[in-house]
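The residues making up each chain are set out below.
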Amino acid sequence: MAELESPNVMPKLIAFLSSLLQRVAESNDFNRGFKPQKISVFHGLTRPTISIQSYLERIFEYANCSPCCFVVAYVYLDRFAQRQPSLPINSFNVHRLLITSVLVSAKFMDDMYYNNAYYAKVGGISTIEMNYLEVDFLFGLGFHLNVTPNTFHTYCSYLQREMMQQPSLNFAESSLNFGRSLKVHLCFTEDETSHQQQQLAV
């Protein structure tokens, strides 16, 4: 999508994705007492002190991957959440899921990309941990990495539409709510004939 190459678009996209993930994480933190959630390699012992937005901005600044990688990383997170309902995105795992999803998308999408040791430094973790996270993420996705042009366009259209509705990036009344609980997360079926919108509790 050509719009992603615009210098003004990516900061807005980063802010929007950060806000979405923040809301999902906070909602799932709240729901921890009501639904059983597994502990995985993505879970930290404590909540990271760096905000989701600052972390994603750091990844964007230093990873030097193509802008489309962030959309694909979002697709991967969506797929992961659908395939691993017992591992919802929360404030203890969102940072590791983010760095891993961008790493995997860069390797899949870009001809040139940094190695795991570099991404580990960007993400503030060890290379060994980065390697483990990558493997677990791939198995969590069922190695379903291909993103068709139709699927990519569907996600881009959704993100673009939502960002246009939030021109000031004031997310206090975000339309991600969809009039329901903040625990919902937009996802799409992978059926190329009908990209139906579903609401998925992550």
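Conventions we followed
- Residues numbered from 1 in each chain as written.
- Predicted model: local features only at pLDDT ≥ 70, side-chain atom pairs only at ≥ 80, totals over all residues.
- Heavy atoms only, no water.
- UniProt positions renumbered as here; feature names shortened; annotations may be inferred.
- Axes fitted to C-alpha atoms, helices over the stretch in contact; angles between N-to-C directions.
- Helix = DSSP H or I, 4+ residues; strand = E, 2+ residues; numbered from the N terminus.
- Parallel < 35°, antiparallel > 145°, perpendicular 65-115°, else oblique.
- Contact = heavy atoms within 4.5 Å.
- Nonpolar A, V, L, I, M, F, W, Y, C, P; charged D, E, K, R; others polar.
- Core = buried A, V, L, I, M, F, W, Y, C linked by side-chain atoms within 4.5 Å.
- Buried < 20%, exposed > 50% of the residue type's maximum accessible area, 1.4 Å probe, protein only.
- Expected span 1.5 Å × (residues − 1).
- pLDDT = per-residue confidence, 0-100.
- Phe/Tyr/Trp six-rings, centres within 6.5 Å; stacked < 30°, edge-to-face > 60°.

- An unreviewed UniProt entry annotates the protein as Cyclin of Dovyalis caffra.
- Looking at the Sequence similarities (unreviewed entry) heading of the UniProt record, one finds this comment for the protein: "Belongs to the cyclin family. Cyclin U/P subfamily."

1. Structural notes on the packing of helix 1 (residues 9-30) against helix 7 (residues 149-164)
Here is step 1: As a packed pair, helix 1 and helix 7 sit with axes 11 Å apart at the nearest point and diverge in direction by 90 degrees. For the element pair helix 1 / helix 7, the angle class is roughly perpendicular. Where helix 1 abuts helix 7, its residues Lys-12, Leu-13, Phe-16, Leu-17 and Leu-20 lie against Tyr-158, Leu-159, Glu-162 and Met-163.
Here is step 2: Partitioned by chemical class, the residues of the contact of helix 1 with helix 7 number seven nonpolar, no polar and two charged.

2. Comments concerning the nonpolar core
Here is step 1: Counting 53 residues, the largest nonpolar core has Ile-59, Leu-98, Tyr-119 and Phe-137 as the members making the most contacts within it.
Here is step 2: Counting only elements with at least two residues in this core, the list comes to helix 1, helix 2 (52-63), helix 3 (68-83), helix 4 (94-109), helix 5 (116-123), helix 6 (127-140) and helix 7.
Here is step 3: Examining the composition of this core, we find that eleven residues originate from one element, helix 3, more than from any other.
Here is step 4: Those residues in contact with Leu-98 that sit more than four places away from it in its chain are Leu-21, Ile-52, Tyr-55, Leu-56, Ile-59 and Leu-77.

3. Overview of helix 7
Here is step 1: In this model, helix 7 (16 residues) spans 22 Å end to end at C-alpha, consistent with the 22 Å of a helix rising 1.5 Å per residue.
Here is step 2: Looking only at helix 7, the buried set comprises Thr-151, Phe-152, Thr-154, Tyr-155, Cys-156, Tyr-158, Leu-159, Glu-162 and Met-163.

4. Remarks on the confidence of the model for the protein
Here is step 1: Per-residue pLDDT for the protein averages 75, and the proportion of residues at 70 or more is 73%.
Here is step 2: Element-level mean pLDDT values for the protein span from 37 in strand 2 (residues 197-201) up to 93 in helix 6.

5. Notes on the packing of aromatic side chains
Here is step 1: For the coordinates displayed, the defined rule picks out six aromatic pairs.
Here is step 2: Between the aromatic rings of Phe-60 and Phe-70, the centroid separation amounts to 5.7 Å while the plane-to-plane angle is 65 degrees, which identifies the pairing as edge-to-face. One end of the pair, Phe-60, is in helix 2; the other, Phe-70, is in helix 3, and ten residues separate them in sequence.
Here is step 3: For Phe-60, a relative accessible area of 32% puts it in the partly exposed group.
Here is step 4: When the ring of Phe-139 is compared with that of Phe-143, the centres are 4.9 Å apart and the planes differ by 80 degrees; the resulting orientation is edge-to-face.
Here is step 5: Exposure remark for Phe-143: the relative accessible area of 46% places this residue in the partly exposed category.
Here is step 6: A connected cluster of aromatic rings, assembled from ring pairs, spans Tyr-114, Tyr-118 and Tyr-119.

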